[in-house]
Amino acid sequence: MAEISAGLAQPVVTHSFGRGNRQVLGVHCSLAHSGAWRGLATILEEHVTISSFDMLSHGRSPDWDGEGLLQLRNAEAGLAQIESENLAKDGPIDLLGHSFGATVALAMAQMRPDLVRSLVMIEPVFFSLGTATTTDPEALEALRRDHMTVRETYLNGDVEQATRLFNRAWGAGHPKWPDLPESARSAMVRSFPAVMACDTQIYDDMLGVLEPDKLALLTMPCLLIDGGKSQPIMHEVIRALAARLPEVTCRRVEAAGHMLPITHPAETAALLQSFWPDVALAQA
């Protein structure tokens, strides 16, 4: 564990898992922390080193100060980790992001494509794409209904209940909220104001990462992964994003939901091993 502050408005805490030669930087999902990559890294540890940072208001990093766009602030933190820890000393590295972290990873790849060998986005929550091009009106309505319920609860001041509703919609489904350790519930409630502050980035693309000229910068191989049991809007997002990327592969873990890197690390690892050509396939 280390702390990085050089060139950043706020410091972030970094972690590393595995001992393989292939350098990967992972960006975790909302309400989580870098440890979310531990299960995946354990499976791939002989071949891959996954470096990560706790996003602002998550894990051991400080609470976001309310300035700027969180998508950009976290992207800057990820790039600072690559530089500070010299992760690209042997050449470009692989970026790996989940949910909101996948939108951060995409922004990083656009800001410094020279550092990126490949980009993997697992269930990227680019809802602005899904709402603009959906072929499934029911999926869009479900997204809007769930989001408004969460936002109204949050704006009414019940942050814990809003966090609980959000976790019910996007979490793994087990253990249930009352069965989670108090420390886990408190950590998610602490992070939730930052999650709500990201609406402009995932529903409106305020940072502009989905503009055609920005997406054209992503000439590296890209892999999009979704879960077969995830919210239907995610399948719409994947379809729309894939149509806009220069070089893309799409894969699905049929038995998984939104939290598939955590709930189905073996299946996720197998997809990464087949996508990253010089990572050996695990023995059955």
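Residues numbered from 1 in each chain as written. Predicted model: local features only at pLDDT ≥ 70, side-chain atom pairs only at ≥ 80, totals over all residues. Heavy atoms only, no water.

Asks: Please explain the packing of aromatic side chains as it appears in this structure.
Replies: Each aromatic ring pair is described using two quantities: the centre-to-centre distance and the angle formed by the ring planes. For the structure shown, the criterion picks out four aromatic pairs. Measuring from ring centre to ring centre gives 5.5 Å for F127 and W170, while their planes differ by 40 degrees; the resulting arrangement is tilted. Of this pair, F127 sits in helix α4 (residues 127-133) while W170 is found in helix α6 (residues 159-170), placing the two residues 43 residues apart along the sequence. This pair shows no difference in class: F127 is buried, exactly as W170 is. An aromatic cluster is present here, built from F127, W170 and Y203 joined pairwise through their rings. (Phe/Tyr/Trp six-rings, centres within 6.5 Å; stacked < 30°, edge-to-face > 60°. Helix = DSSP H or I, 4+ residues; strand = E, 2+ residues; numbered from the N terminus. Buried < 20%, exposed > 50% of the residue type's maximum accessible area, 1.4 Å probe, protein only.)

Asks: Please clarify how the packing of helix α5 (residues 137-155) against helix α7 (residues 182-196) should be interpreted in this entry.
Replies: Between α5 and α7, the least distance of the axes is 12 Å, while the angle of their chain directions is 115 degrees. In terms of their interaxial angle, α5 and α7 are classed as roughly perpendicular. Seen along the crossing, α5 lies across α7 with a hand that is left-handed. Together, V150, R151 and Y154 of α5 and F192, P193 and M196 of α7 make up the contact between the two elements. Partitioning the contact of α5 with α7 into residue classes produces five nonpolar, no polar and one charged. (Axes fitted to C-alpha atoms, helices over the stretch in contact; angles between N-to-C directions. Parallel < 35°, antiparallel > 145°, perpendicular 65-115°, else oblique. Left-handed = near helix turned anticlockwise from the far one by under 90°. Contact = heavy atoms within 4.5 Å. Nonpolar A, V, L, I, M, F, W, Y, C, P; charged D, E, K, R; others polar.)

Asks: Is there a simple way to think about the pattern of salt bridges in this case?
Replies: Two side chains bearing opposite charge may form a pair once their charged atoms approach each other closely. Scanning the model with the defined rule gives 11 salt bridges in all. Among the salt bridges present, the one from D114 reaches R112, with a minimum N-O distance of 2.6 Å. Judged by relative accessible area, D114 falls into the partly exposed class, the value being 46%. Overall, the relative accessible area of 35% leaves R112 in the partly exposed class. Two residues, E182 and R185, come together in a salt bridge whose shortest N-O distance is 2.6 Å. One end of the pair, E182, and the other, R185, are both in helix α7, three residues apart, so they sit about a helical turn from each other. Connected through salt bridges with shared partners, the residues R19, E45 and E46 form a single ionic network. (Salt bridge = Lys/Arg side-chain N within 4 Å of Asp/Glu carboxyl O.)

Asks: Would you take a moment to explain the sheet that holds strand β3 (residues 22-27) for this structure?
Replies: Strand pairing in a sheet is mediated by backbone hydrogen bonds. Such pairs are either parallel or antiparallel. Here eight strands make up an open sheet; going across it, the order is β1-β2-β4-β3-β5-β6-β7-β8 and the pairing mixed. At either margin of the open sheet sits one strand with a lone partner, and together these are β1 (2-4) and β8 (248-253). Ignoring which end each strand starts from, the neighbouring axes of this sheet average 25 degrees apart. Across five bridges, the pairing between strand β2 (residues 12-18) and strand β4 (residues 48-53) is antiparallel. Considered in β4, the bridge of S16 is made with S51. Lying over the sheet, helix α3 (residues 100-111) contacts β3, β5 (93-98) and β6 (116-122), oriented at roughly 150 degrees with respect to β5. (Pairing = 2+ DSSP bridges.)

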